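Tertiary structure, described
Each chain, written out:
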Amino acid sequence: MKVILLKYNAGNIQSVSYALERLGVDFEITDDVETIQAADKVIFPGVGEASTTMAYLKNNKLDQVIRDLKQPVLGICLGMQLMCKHSEENDTPCLGIFDEGVRKFKASTEFKVPHMGWNNLTLTDSWPEKPLENNSVYFVHSYYVPVNQFTTAVSDYIVPFSAAMKKDNFYAVQFHPEKSAQAGEQILKSFLEV
Amino acid sequence: MLTKRIIPCLDIKDGRTVKGVNFVDLRDAGDPVALASAYAEQGADELVFLDISATQEQRKTFASLVKEIARHINIPFTVGGGISSVEDVAPLLEAGADKVSINSSAVRNPQLINELSKAFGAQCIVLAIDARKIDNAWIVHTHGGKNSTDKKLFTWAKEGQDRGAGEILFTSMDHDGTKNGFAIDPLSKLHALLTIPVIASGGAGSMGHFADVFALAKADAALAASVFHFGEIQIPELKTFLKNHNIPVRL
């Protein structure tokens, strides 16, 4: 199996690569279009700001490459947000794989933003799998995707929001499986096994 | 529900953990990676590594250590100590650290917070503040508490938030090392003042102190060193205790 970790200006590529190493997965970090297209699985990481990362993807023609992928693709955190239609973060048009908008959390003294720390998952579909019901996973984000028809796991902070989504071959998680201890490892493994 | 975070803090010098660490079942308590792994296994929610190296040579050791930590640890971690520029931060984040904490350098040059936040995002910038109460005012200190400044805790914390810090790590020097409990009053005020998370530090001595800092001061996270390093408080027991006191924790 050929696993690709998509190389672009995202902040957590190193952390995701270490997590894959710990799982004993063979993978390649690349932005080479042909290599990406030939992969069995593609992981689309993401930490950073929506407009600058989208601009980078466009300039490198990776936006259309990602949209056209037919193999299983996993978007992580900002990766998931970029898979949506639009982000409120600097009013950025995104990839549009999920026909949903990304919104900003409203900060207050009661509900601090970023939403930072471990929060539990309520599963609403077959992926992530049942054993992860109520497991806590690690989140760091100020923007969120509302619950929608593609939502497969829900977490609650200020409002219920999409912790995971799935549409055809596209999988996405708002949390950081690479930093979510055993629960995160299980999620990565389950994606690599689909 | 978002859970309250328990954060052990490790002091590092020349690539080794310092202060006596007496950790059960650990062959080499001086090895930060082994100690960090043990904490992650026990259910620590995050870790903080503070570089207290004195020389440039020792600092280089720290940077390569960060990479080793990132390779082995499957929970988030923050690194701090001696960070004073964008150039200092980039290699640490590239090595796999999730966040960096800044302290004295931000007091000297507050613009540093804006620069780091813009370059790397607010979520990875922790503003650490050491303060002690003098004549009814919480006065910010730098250089490990050695130097007093003209800054006051609450205005400085607010300014840090406005400049783009993603979290405040407040250590009460009056409570640090006493094991008499966290500084509930100033922590409560910080909670009511800020819209970014607050990490409480200084004074942890019992499990009840953790319950208090979460229930009374509404802290988002609590950091401690010696009570964990010497096994006085075991993290699994602490989390069960907190859960029994209706405080949301990750078990």
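Structure: above.
The paragraphs below set out a description of the structure included in this document. Quick caveat, the model's predicted, so the values are computed rather than measured. (Residues numbered from 1 in each chain as written. Chains lettered and ligands numbered in written order. Predicted model: local features only at pLDDT ≥ 70, side-chain atom pairs only at ≥ 80, totals over all residues. Heavy atoms only, no water.)

**Some thoughts on helix 1 (residues 13-22) of chain A**
Most of helix 1 of chain A sits inside the fold, with 7 of its 10 residues counted as buried. Every buried residue belonging to helix 1 of chain A is among I13, S15, V16, S17, Y18, A19 and L20 of chain A, and all of these are buried. Taken together, the buried residues of helix 1 of chain A touch strand 1 (3-6), strand 2 (27-30), strand 3 (41-44), strand 4 (73-76) and helix 6 (181-193) of chain A together with helix 2 (56-72) of chain B. Positive backbone phi, approximately 75 degrees, marks G24 of chain A, located one or two places after helix 1 of chain A. (Buried < 20%, exposed > 50% of the residue type's maximum accessible area, 1.4 Å probe, protein only. Helix = DSSP H or I, 4+ residues; strand = E, 2+ residues; numbered from the N terminus. Contact = heavy atoms within 4.5 Å.)

**Comments concerning the pairing of strand 14 (residues 170-173) of chain A**
All names here are of chain A. Burial of the side chains of strand 14 extends over both faces: F170 and A172 are buried on one face and Y171 and V173 on the other. Pairing of strand 4 with strand 14 involves 4 bridges; the strand directions are parallel. When the bridges of strand 14 are listed, V73 appears paired with F170. As judged from the 4 bridges shared by strand 13 (residues 159-167) and strand 14, these two strands associate in the antiparallel manner. Across the sheet, the residue bridging to A164 is V173, located in strand 14. Where strand 13 folds back onto strand 14 in an antiparallel hairpin, the turn is made up of 2 residues, including D168, whose phi is positive at roughly 50 degrees. (Pairing = 2+ DSSP bridges.)

**Re the sheet that holds strand 11 (residues 143-144) of chain A**
All names here are of chain A. Read across the open sheet, the 4 strands follow the order 6-5-7-11; overall the sheet is mixed. Of all the strands in the sheet, the pair left with one neighbour each is strand 6 (92-93) and strand 11. Of the pairings in the sheet, the one linking strand 7 (residues 101-104) to strand 11 comprises 2 bridges and is antiparallel in character. Each residue of the ladder has a partner; that of R103, found in strand 11, is Y144.

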